[in-house]
Amino acid sequence: MFPPAVAGRPGVLPRRGLAISLAVSMALGLAVGARGTAAAESRGAAAEDGRYDRVVILGFDGADASLVEEYLAAGRLPNLARLRSGGYYARLRTTNPPQTPVSWASFSTGLNPGRTEIFDFLRRTEGTYLPEFAMVREGKRAFLFGARNPLVLGSATAAIVAILAGSILALALRKWRVALPAALLAALAAGGAASFAAARYLPAEVPTAANARRGVTFWAAAAGAGLKVRVLNVPATFPAEDHDHGRMLSGLGVPDMRGRIGSPSFYTSDASLAVTDNQFSVEVVKLRERRGTIETAIVGPLNKPFYDYVLEEAARGAGSAGARREVRERAEKALAARGVPRRLDVPFRIEASDRALTIDLAGRRETLRPGDWSGWFVVPIPVNPVVDAVAGLRGIVRFKLIALQPDIKLYASPLNFHPDCQPVPFTSPRGFARELVREFGLFKTLGWPIDTWSLPSGLTDERHFLEDMDATVAVQQVMMERFLERAEEDLYVQVFDFPDRVGHMLWRLHDPGHPLYDARLAAEYAGEIPRSYERMDRIVGEALKTIDGRTALIVCSDHGFASFRRGVNYNTWLVQNGFMTLKQGVATGGKTLEDLFDRGALGEFFQYVDWSRTRAYAMGLGNIYINLMAREPKGSVLPGREYEEVREALARRLEALVDPETGERPVARVYTREEIYSGFDPSLVPDLRAANSGHYRIGWQTALGEVPPRVFEDNLKLWSGDHCSNDPSLVPGVLFSNVKLGPAAPAISDIHPTVLALLGVPAVEGTDGTTLFP
């Protein structure tokens, strides 16, 4: 799978010889401080032998080329300016579509999205019309002996007890005839108890996860060649990959303990509080009192092995949908009678006065005043006595007291996995998590660590978002600085996501044309976008201080940004133009991310569509699927000529679409999959991708397959900047290096072979990218 290991890289000095050479140079007058800033400016040429001892890659999700160039011209990014003047800068061509998991998957593997099979945040579950997250495939596996656990463990226990008890009694009584019956009775009792305990306290199945990304990453190739690698927070790296010479902390894809991309909670004593727009599924927990001692609970993970999987197994084999529903209802009643909950909430206590609030959780107390953030609370998740004793599931959560007057408003972060609790690994090796905790303390393990859910739900404000972001980035930056100072690895890769999150949340204050532009708020917060780019520049500056003349530095982003003023609902357009037909008298309602995560609710997606009269449907962020016979469950379009005619008609008419309120064309171009991908699985990849013009994005409900009332709608959500469905030419990323690279129009897939060339590692055969390093 990986290139063969090599004894050494051609032309690379031994590290001891390199150290002596550098020491001599410094003794002849090279100032120590020049290792960083001054030396980096002049290091445009390749190392003398054409190879580098070390490559450092810093990725910044969502750093927009136009903004970077604007701030460079204004002198606000001095460290990036030095890289540009002494090395290389170009706009970086992103993937189609320009989405975070799609782009970083191509960055990692050098393959186009058709071959990585990460072509959207969402994908259609093969053989169905149901959406699923594209990065990670959720599954389950048998625990020990699976459904046979009670039989096997009971029998084994009985046999062991029979032998031991019989031997002991025989020796004590010196009579086998007396000892044998007693031993058998003891064995039966012990076996029955073990069987009962296994049935009650051991799961038959446990969850698993697999990375859906295809391809060989450049760090896997480097590790396979014997180099030391460290990879932090790169999207689409969950579960963490094992390498003999590697350390990994997974990025986007790692869920919270509820299996979500991030689900914070909001505790309030305001009985009238109603979240009118909870697209992002924030948990609102109502408190019964405003003052005094209040009992409440952490919203815990789903009890899948002991609840959901039991229901699935019970319904397996039931014929009709009605029969399955009846079986599930009976199983639910049986679980309720045994006291088995679907959700494993964790009780805790609040003590509230007029001036402060104390949280008493899992043996730890902390008092907060309005505006205060707590430290991390370790939250043990009670499952049952056996699992608690053996596995010890634990999460971590932190709070912010938003207000006490007139009502309590208490924010709780998503319940992150404790770094030591990895049912599915997000560090590699698993012990790397303990190393991180020892050095940096507890940290967010969630793959989308900055909260972008609470602000759009109207429960927190911009200041809260920025405080959470600052705390998150501070820990990530300290990790980078410590690891780069030690220079223990040959390849270091880390991705920061804060430019993307600031763009999503605050673009409405950057764009006066956005329907939610607020001049008062803009005066206070519009400057946060340029400040995030200045922060990116400072991080690059800290990295420059740690690198020497044999280190290549690459700074890149996966895509840029655009204003999300208006939404386009393709399914609505498909209905109005005869490509999709709905059943009569059915209201389409609306979907949220909670519906997507709740596998039991997935049957409700597209339930209102008359598939016999539907030729196309939209799902995801700009994907259009033809309802093709022999591929879709209820296909209506013949392969061949009819398929091509439907695709051509859709592309022609969507590209001609005009928004009557603005006069703009919202669809820049409709791409066939053959135009943008190669080597793809035709049963998986969408047939068309409708790429939006500036100011437009796919509508919120269309992304989840819904059919809202109108084709066009103002985006009245605080999630106001985007890129996911734009034409990639409108949202390029950036590429900087202290190495003189080429050509002038690089693609993000070119980074993979470039890194291997810089390190002197043989290229991975069959990648789509081309090396930028001669």
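Along each chain, residues carry numbers from 1 onward, in the same order as the chain's sequence is written. Under the rules for a predicted model, residues below a pLDDT of 70 receive no local features and side-chain atom pairs below 80 are neither given nor counted, while totals for whole chains, interfaces and linings still include all residues. Water and hydrogen atoms play no part in the side-chain values, which are based on all heavy atoms of the structure.

1. Section: the packing of aromatic side chains
Going by this rule: Any pair of Phe, Tyr and Trp rings, taking the six-membered ring for Trp, is counted once the centres come within 6.5 Å. Such a pair is stacked with planes under 30 degrees apart, edge-to-face with planes over 60 apart, and tilted for the rest. Note on conventions: DSSP H or I runs of at least 4 residues are helices, E runs of at least 2 residues are strands, and numbering of each starts at the N terminus. Think of it in three bands: residues with accessible area under 20% of the maximum for their type are buried, residues over 50% are exposed, and the middle band is partly exposed, with areas taken using a 1.4 Å probe on protein chains only. Placement of a positive charge over a ring is assigned whenever Lys NZ or Arg CZ falls within 6 Å of the ring centre and within 35 degrees of the normal to the ring plane.
Considering all chains together, one arrives at 28 aromatic pairs under this definition. Ring geometry for Tyr 89 and Phe 736: centres 4.5 Å apart, planes at 35 degrees, overall tilted. Remark: Phe 736 occurs in strand S31 (residues 733-737) and Tyr 89 occurs in strand S2 (residues 88-92); sequence separation between them is 647 residues. In terms of burial, Tyr 89 and Phe 736 fall into one category: buried. Their ring planes at 75 degrees and their centres at 5.3 Å tell us that Tyr 129 and Tyr 617 sit as a pair that is edge-to-face. With Tyr 129 in the loop between strand S3 (122-124) and strand S4 (131-133) and Tyr 617 in strand S24 (residues 616-619), the pair connects residues that are 488 residues apart, well separated along the chain. Here a set of aromatic residues connected by ring pairs shows up, and it is made of Tyr 129, Phe 606, Trp 611, Tyr 617 and Tyr 625. One Lys or Arg, Arg 697, reaches over the ring of Trp 700 and ends 4.2 Å from the middle of that ring.

2. Digging into unusual backbone geometry
Glycine aside, a negative phi is what most residues show, and trans is what most peptide bonds show. Here the residue pair Asn 96 and Pro 97 is connected by a cis peptide bond, since its omega of 10 degrees sits within 30 degrees of zero. Along the chain, the position of Pro 97 falls in the loop between S2 and helix H5 (100-109). Residue Pro 406 is bonded to the preceding Gln 405 through a cis peptide linkage, with omega at -10 degrees. One non-glycine residue with positive phi stands out, namely Glu 117, at about 65 degrees. One can find Glu 117 in the loop between helix H6 (113-116) and S3.

3. Considerations on the packing of helix H14 (residues 462-486) against helix H15 (residues 498-510)
A pair of packed helices is captured by two measures, namely the crossing angle of their axes and the spacing between those axes. So the rule is basically this: Axis definition: a line fitted to C-alpha atoms, over the contacting stretch in the case of helices. Angles run 0 to 180 degrees between N-to-C directions. Geometric relationships in this document are graded by angle, where less than 35 degrees denotes roughly parallel, more than 145 denotes roughly antiparallel, 65 to 115 denotes roughly perpendicular, and other angles denote oblique. Residue contacts are defined here by distance: any two heavy atoms, one from each residue, within 4.5 Å place the two residues in contact. Classification used: nonpolar for Ala, Val, Leu, Ile, Met, Phe, Trp, Tyr, Cys and Pro, charged for Asp, Glu, Lys and Arg, polar for all others including Gly.
H15 packs onto H14 with a crossing angle of 175 degrees between their chain directions and a minimal axis gap of 11 Å. Classified by the interaxial angle, the pair formed by H14 and H15 is roughly antiparallel. Each of Glu 462, Phe 465, Leu 466, Met 469 and Val 473 in H14 lies in contact with H15, whose residues at this interface are Phe 498, Arg 501, Val 502, Met 505, Leu 506 and Arg 508. Looking at the contact of H14 with H15, its residues break down into eight nonpolar, no polar and three charged.

4. A few points about the sheet that holds S2
Our working rule: A pair of strands is considered paired only if DSSP assigns at least 2 bridges between the two.
One open sheet accounts for eight strands, arranged S2-S31-S22-S1-S21-S7-S8-S20; its pairing is mixed. The strands lining the two open edges of the sheet, one partner per strand, are S2 and strand S20 (427-428). Against the sheet, helix H13 (residues 431-440) engages strand S7 (229-232), strand S8 (246-249) and S20, with an angle of about 70 degrees to S8. Contacts from helix H23 (residues 751-759) reach strand S1 (54-60), S2, strand S21 (491-496), strand S22 (551-556) and S31, with the element oriented near 155 degrees to S1.

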